[in-house]
Amino acid sequence: MAQREDQLLNKNWNFSLDRDQEITEVSIPHTWNAKDAFTEGSQYYRGKGTYSRQLKIPKKWQQKSIFLKFEGSNQLTRVFVNEQLLGEHIGGYTGFIFDITSAIHAGEENILRVEVDNTHNNDIPPLDADFNFYGGIYRDVSLIVTGPVHFNLASESLGNLLIKTPEVNLEEAEISIESTLVNDAKTSKKISLELSIFDPTGKKIKTLRKITNLGSGTSKSIPIMHRITSPQLWSPDHPNLYRVEAKIYDAKTNMTLDKQTSNFGLRWFSVDAEEGFILNGKPIKLIGANRHQDVTGLGNALPNDQHHSDYKTIKEMGANVIRTAHYPQDPEVYKTCDELGLLVWSEVPVINDVTNSEAYHQNALQMQREQILQFYNHPSVVIWGYMNEIFIQLIFNPKETEAETQDKIQTTVALAKKLEMETKRLDPNRLTVMALHENEIYNETGIADIPDVIGWNLYFGWYSPGLDSFGKFLDDQHSRYPNRPLFISEYGPGSDTRLQTNQPKPWDYSEAYQLKLHKSYINQVEERDFVFGMTAWNFADFGSDIRQDSRPFINQKGLVNMDRSKKDIYYYYQARLLEEPFIYIAGENNETRYIQNKKDTVEVVVFSNAEKVQLSTKTQNLEAAVKNGIARFYMELTEGEHQLIAKTEDPNPVSFTRNLKVKNRSHLLEKLNKEALRVNVGTHVYFKDESNNDIWISDQHYQKGSFGYVDGEVYLKNAGKFQGTASAISGTENDPLYQTMREGLSAYKFDVQKGQYKITLLLTEPEYNVSTENIYNLNEVRAKAIEGLRSFDISINNTLYKKDLNLARDYGPLKAVKLSFEAEARNDEGINIQFSPNAGKALLSGIQIEKL
Ligand code: GCB
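Conventions adopted
- Within each chain, residue numbers correspond to sequence positions counted from 1 in written order.
- Owing to the predicted nature of the model, reporting of local features is limited to residues with pLDDT of at least 70; listing and counting of side-chain atom pairs is limited to 80 or more, with chain, interface and lining totals taken over all residues.
- Each side-chain value is worked out from all heavy atoms of the structure, with water and hydrogens disregarded.
- UniProt positions are given in the numbering used here, feature names are shortened, and annotations may be inferred rather than shown by experiment.
- Strand pairing is defined by DSSP finding a minimum of two bridges between the two strands.
- Helix numbers and strand numbers start at the N terminus; a helix is a DSSP run of H or I with at least 4 residues, a strand a run of E with at least 2.
- Fitting a line to C-alpha atoms yields each axis, with helices limited to the stretch in contact; the angle taken between N-to-C directions then spans 0 to 180 degrees.
- Pairs of residues are marked as contacts when any of their non-hydrogen atoms sit within 4.5 Å.
- To sort the angles, those under 35 degrees are grouped as roughly parallel, those over 145 as roughly antiparallel, those from 65 to 115 as roughly perpendicular, and the leftovers as oblique.
- Whether a crossing is left-handed or right-handed is set by the direction in which the near helix is turned from the far one by less than a right angle, anticlockwise for left-handed and clockwise for right-handed.
- Charged means Asp, Glu, Lys or Arg here, nonpolar means Ala, Val, Leu, Ile, Met, Phe, Trp, Tyr, Cys or Pro, and polar covers whatever is left, Gly included.
- As annotated, the domain borders come from an automatic or database domain assignment.
- Computed with a 1.4 Å rolling probe, the buried area is the accessible surface lost when two parts are put together, summed over both parts.
- The near set for a molecule or strand comprises every residue that places at least one heavy atom within 4 Å of it.
- As used in this structure description, the phrase polar contact means that two N or O atoms lie within 3.5 Å; if the pair is within protein, one of them must be able to donate a hydrogen and the other to accept it, and residues adjacent in sequence are counted only when both atoms belong to side chains.
- Reported accessibility uses the Shrake-Rupley method at a 1.4 Å probe radius. Residues are deemed covered only where the shown protein chains occlude them.
- One side-chain nitrogen of Lys or Arg within 4 Å of one carboxyl oxygen of Asp or Glu is enough to make a salt bridge.
- For every residue, the accessible area (1.4 Å probe, protein chains only) is compared with the maximum for its type, and the residue is labelled buried under 20%, exposed over 50%, or partly exposed between those bounds.
- Only the six-membered ring of Trp is used, alongside the rings of Phe and Tyr, when aromatic pairs are assigned; centres must lie within 6.5 Å, and planes under 30 degrees apart are stacked while those over 60 apart are edge-to-face, with the rest tilted.
- A cavity here means a set of 1 Å grid points, computed over protein atoms only, where a 1.4 Å probe fits but cannot escape. A pocket is an open set with protein on both sides within 12 Å along at least 5 of 7 lines, and lining residues have an atom within 4 Å of a point.
- Grid points are joined across faces, edges and corners, and a volume is the space filled by probe spheres set on the points.
- A helix is expected to reach a length of 1.5 Å times the quantity of its residues less one.
- Here, the term nonpolar core denotes a set of buried Ala, Val, Leu, Ile, Met, Phe, Trp, Tyr and Cys residues that are joined through side-chain atoms within 4.5 Å.

- The name an unreviewed UniProt entry gives the protein is Glycoside hydrolase family protein, with Zunongwangia profunda as the organism.
- Within the UniProt record for the protein, the comment given under Sequence similarities (unreviewed entry) is "Belongs to the glycosyl hydrolase 2 family."

**Some thoughts on the sheet that holds strand β10 (residues 141–146)**
Part 1: Taken together, 4 strands build an open sheet; the order of strands is β1-β10-β5-β8 and the sheet is antiparallel. The open sheet is flanked by β1 (5–8) and β8 (96–99), the only strands paired with a single partner. Mean inter-strand twist for the sheet, computed between neighbouring axes without regard to direction, equals 20°.

**Comments concerning the sheet that holds strand β38 (residues 630–636)**
Part 1: The strand order across the open sheet built from 3 strands is β33-β35-β38, with neighbouring strands paired in antiparallel fashion. The sheet is open, and its two borders are formed by β33 (583–585) and β38, each paired with just one other strand. Across this sheet, the average inter-strand angle for adjacent strands is 25°, counted without regard to direction.
Part 2: Note: β33 against strand β35 (residues 601–608), 3 bridges, orientation antiparallel. In the sheet register, I585 faces β35, and the bridge partner there is V606.
Part 3: Contacting β33, β35 and β38, helix α9 (residues 568–577) runs over the sheet at an angle of about 50° to β35.

**Here's the deal with the packing of helix α8 (residues 511–526) against α9**
Part 1: Relative orientation of the contacting elements α8 and α9 amounts to 25°, with a least axis distance of 9 Å. Judged by the angle between their axes, α8 and α9 are roughly parallel. Crossing handedness for the pair α8 and α9: right-handed. Residues E511, Q514, L515, H518, K519, I522, N523 and E526 of α8 lie in contact with α9, whose contacting residues are D568, I569, Y572, Y573 and R576.
Part 2: A per-class count over the contact of α8 with α9 returns 5 nonpolar, 3 polar and 5 charged.

**As for the domain arrangement of the protein**
Part 1: What the domain assignment reports for the protein is domain 1 (5–149), domain 2 (162–264), domain 3 (282–538), domain 4 (592–665) and domain 5 (668–851).
Part 2: Computed over C-alpha atoms only, the centres of domain 1 and domain 2 are separated by 31 Å.
Part 3: Taken together, the 6 residues of domain 1 in the interface contact 10 residues of domain 2.
Part 4: Across the domain 1/domain 2 interface, buried area totals approximately 600 Å², and carbon plus sulfur atoms make up 60% of it.

**Section: the site of the ligand**
Part 1: As a structural note, the neighbourhood of the ligand is formed by 13 residues, with D130, H326, E389, Y463 and K557 the closest of them.
Part 2: Contacts to the ligand include N388, whose side-chain N or O atom sits 2.9 Å from an oxygen atom.
Part 3: Within the side chain of N457, a nitrogen or oxygen atom sits 3.5 Å from an oxygen atom of the ligand.
Part 4: Within the complex, the protein chains bury 93% of what would otherwise be the 320 Å² of accessible surface of the ligand.
Part 5: Its residues placed into classes, the shell around the ligand shows 4 nonpolar, 4 polar and 5 charged.

**Examining the pattern of salt bridges**
Part 1: For the coordinates displayed, the defined rule picks out 52 salt bridges.
Part 2: Of the charged contacts in the structure, one is a salt bridge between D258 and R4, with a shortest N-O distance of 2.7 Å. Here D258 is found in strand β18 (residues 256–264), whereas its partner R4 is found in the segment before β1, with 254 residues between them in sequence. Accessibility assignment for this pair places D258 and R4 in one class, buried.
Part 3: With a closest N to O distance of 3.0 Å, R323 and E490 form a salt bridge. You can see R323 sitting in strand β23 (residues 321–323) and its partner E490 sitting in strand β28 (residues 486–490), a full 167 residues away along the chain.
Part 4: Under the relative-accessibility criterion, E490 is labelled buried at 4%.
Part 5: Each of K48, E83, R113 and E115 takes part in salt bridges that share partners, so that together they form one network.

**What about the UniProt feature "domain: Glycosyl hydrolases family 2 sugar binding" (unreviewed entry) in the protein?**
Part 1: The UniProt record marks residues 24–145 with the feature "domain: Glycosyl hydrolases family 2 sugar binding" (unreviewed entry), using the residue numbering of this structure.
Part 2: Summarising residues 24–145: 0% helix, 42% strand, and an end-to-end C-alpha distance of 29 Å.

**Remarks on the environment of V321**
Part 1: In this structure, V321 sits in strand β23.
Part 2: When its relative accessible area of 3% is taken as the criterion, V321 is described as buried.
Part 3: In the structure, V321 is positioned 34 residues away from I287 in sequence and 5.8 Å away in space, judged by C-alpha atoms.
Part 4: Sequence-distant contacts of V321, defined by excluding residues within four places in its chain, comprise L286, I287, G288, A289, L342, L343, M534 and T535.

**Here we look at the side chain of S346**
Part 1: Within the fold, S346 resides in strand β24 (residues 343–347).
Part 2: Take S346: its relative accessible area is 0%, and that puts it in the buried class.
Part 3: Not counting chain neighbours up to four residues away, the residues in contact with S346 comprise T324, P328, Y334, Q371, I383, W384 and G385.

**Description of the packing of aromatic side chains**
Part 1: In this structure the tally under the stated criterion is 37 aromatic pairs.
Part 2: For the ring pair F96 and F98, a centre distance of 5.4 Å and an interplane angle of 50° mean the geometry is tilted.
Part 3: Under the relative-accessibility criterion, F98 is labelled buried at 12%.
Part 4: On the basis of an interplanar angle of 85° and a centroid distance of 4.9 Å, the ring pair of W456 and F473 is categorised as edge-to-face.

**Focus: unusual backbone geometry**
Part 1: Note that the residue after I28, namely P29, is joined by a cis bond; omega there is 5°.
Part 2: One non-glycine residue, N280, lies in positive phi territory at about 50°.
Part 3: Note that N280 resides in the loop between β20 (276–279) and β21 (282–283).
Part 4: Its relative accessible area of 12% is what places N280 among the buried residues.
Part 5: Notably, W507 is not glycine yet its phi reads approximately 70°, a positive angle.
Part 6: In this fold, W507 is placed in the loop between β29 (499–500) and α8.

**Some points on empty space enclosed by the protein**
Part 1: Applying the stated criterion across every chain yields a total of 3 cavities of 30 Å³ or more.
Part 2: Approximately 120 Å³ is the volume found for the largest cavity.
Part 3: Around the largest cavity, the lining is made up of 15 residues, and of these D508, Y509, Q723, Q739 and T740 lie nearest the centre.
Part 4: At the level of secondary structure, the elements contributing two or more residues to the lining of the largest cavity comprise β47 (722–723) and α10 (735–739).
Part 5: Per-class residue counts for the lining of the largest cavity are 7 nonpolar, 7 polar and 1 charged.
Part 6: Counting contributing residues per domain, the lining of the largest cavity is built from domain 3 (282–538) and domain 5 (668–851), each supplying no fewer than three.

**Digging into helix α3 (residues 358–374)**
Part 1: If you check α3, its first and last C-alpha atoms are 24 Å apart, about what 17 residues at 1.5 Å a residue would give, namely 24 Å.
Part 2: Within α3, 13 of the 17 residues are buried, leaving the element largely enclosed by the surrounding structure.

**Section: the nonpolar core**
Part 1: By size, the foremost hydrophobic cluster in this structure holds 118 residues, and its most contacted members are V350, M387, F391, I447, I488, Y573 and F607.
Part 2: The element best represented in this core is α9, accounting for 7 residues.
Part 3: Every residue in contact with F391, bar those within four places of it in the chain, is listed here: N352, I409, T412, V413, H437, I441, Y442, T445 and I447.
Part 4: In this structure, L668, L669, I697 and I833 belong to the second largest nonpolar core, which totals 40 residues.

**Some details on the environment of D449**
Part 1: Tracing the backbone through its elements, the reader meets D449 in the loop between α6 (441–444) and β27 (453–457).
Part 2: When the C-alpha positions of D449 and M434 are compared, they lie 10.0 Å apart, and in sequence the two are 15 residues distant.
Part 3: Within the local environment of D449, its side chain forms a polar contact with the side chain of R484, the two groups lying 3.0 Å apart.

What follows is the structure in structure tokens.
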């Protein structure tokens, strides 16, 4: 039977980069930036890569039409067949199909060559953004073979039948199925288009036919209308999917020439500036997450399984919405969201800035057309987005003249209007949106009035101070723009599963601060019906080479890590959002807890959606009420191991078990012959070294009989916003250990018993500007600049161990420096590490003491 053949063409490609011409064999999905985007000291390669392979075309395909389909390739792609250029595609996030029939030799080996270029290009969005623009053919490639009359594949819609559902209600749904047919045969053809419709149970409910004549070399668009009575509606709870099977027959021979299928769903929705989102007549608060498309080790070249499992994880969190920030994602994503029941805001990557070039505007419009036409049929998609924080560059890098500023504003607003019009022209039934950063410019310029709804990316409690400022900001916006439906498109702090504390603060990257912020935001959104939804930034940590943070080159605002291991906050969302009984003891990465005195309690945090929960050990059984998904217990636990069991009550008891190890900080010195003592100096946060599970405990002030700093202060950066430097530290994976420090201290003391000790100091020079600024200066000038930097001597028990330690001069700024010394504690003098400055202030990031 002659029908459509659709084969993946992912295997056996030869690949080389322009940079070195070295040829390797690769499989698609592929990117050349999976490693270098995370490598210290290198910028990831943005240039040209070339893929090639042979393609045997059987003789029997002589009369066929043959196409190459790319689901996504970043970002400028040229396709050659037997050295003939067949097409060029601009933009890295939508699919494209080229008709290669004319260049193919049937019965022979043919050569495919694909050039992909991810060089920065001023005409191609995104110009700038907080994520990596990984280069390569990073989504599936396939070969499609059809009869000479076929659905129009090489178009912006990739041959997608457009299944429109202009009117849906409880009684009936009006559908219109639009397809475009192309006749590549040498003669005109009488053909029959047959559409079969299947209901969500798979039962065929209707067959529609249309007979038409198609002249040679012509194409025709054919809309077919139908009404479905008592529709089985699509919703997050009931993701019912209908299916259309479309076939083209030769009306004379009855031979099938081409065939394709598409799912679709029936639902209606609207949004109200007071009541929020209404789906199938019922209000539904949208809560979910944003999602980027990269994973540890793979860059953006993910297999479909990974896309699927990400969205499954998001659904299992209890989410009902996702935002594909900041670009259209893999077709598998939309399919998965349809099947799982996740509402989707999908957007094109017009981010941070635009240019006024016609080419840039056209490319942005083209991306939006491709996105809409390619993903049109997915009932999950309810919102099309087209700009993200589009004035942020203008705000942070202001123009020199007022005329330039006005010019930028004008071209941006003009592009927004064009994108809005084009979106509505293609799809009047969905909502339009843009995401804004916290600035009045969007109101002042009128750009915020262009789309149907507004998404605010709000980082109160992180980039801007005050968690409560969030609600105030929303109330103010709502009172000034009462008719504007509001969504919180981004919010969240960076967090690092290696960093733990019970006293969370902004910028400490602790999991506890992430919990504090998200809890507060969910509460504030739930108090406001006029906010129709929120999507956390971000589902997962993601690669961004411009980031420093506590894991350099990674944006750490994920609810899960970049390798998809879950952070505590993921489980907190489950407690807030799931309907089935749920319980979880927080602290997957915080299994060792420290007390100071025997009577101190250990805080145990339980997430649950029950009203109250019980927590028991072998000897205790406590109960606590749950508020906002959290029950906090303060338990007296002796030193050693404890098994904790958390339970909800009948009628639906669920339980969770976690083992905790309790240590007493005041016994750590006594135990030095068994275990080294490590302190994360200059911070209230505990740090766990993932390579060996060593814990560097929070810092403390020295008291007789104990250990700690004698004086000095916590090193603060950016007017006190950061504790420590939020810069990447080279030469270590343990950046946070070095980033936080104490400055101006004269001594760090351990009141240890007599004996031989090894003391290891962790140090880094955080003031990177001073010396790098002078890097191109004459050596003499540079040397002078460094000379002026801090220098100090280190003594232990009054013996000089290190003279004139100038970290910038000796190692360079932001370098991990580890110095070890051996010293003796005689009698009961203990170990006293003394710092005396020659210039500037002494500092210390970490300290370890071992008994020899
Ligand atoms: C934003 C941007 C997003 C960034 C995020 C952040 O507002 O839209 O692309 O990654 O902030 O983490 O700073």
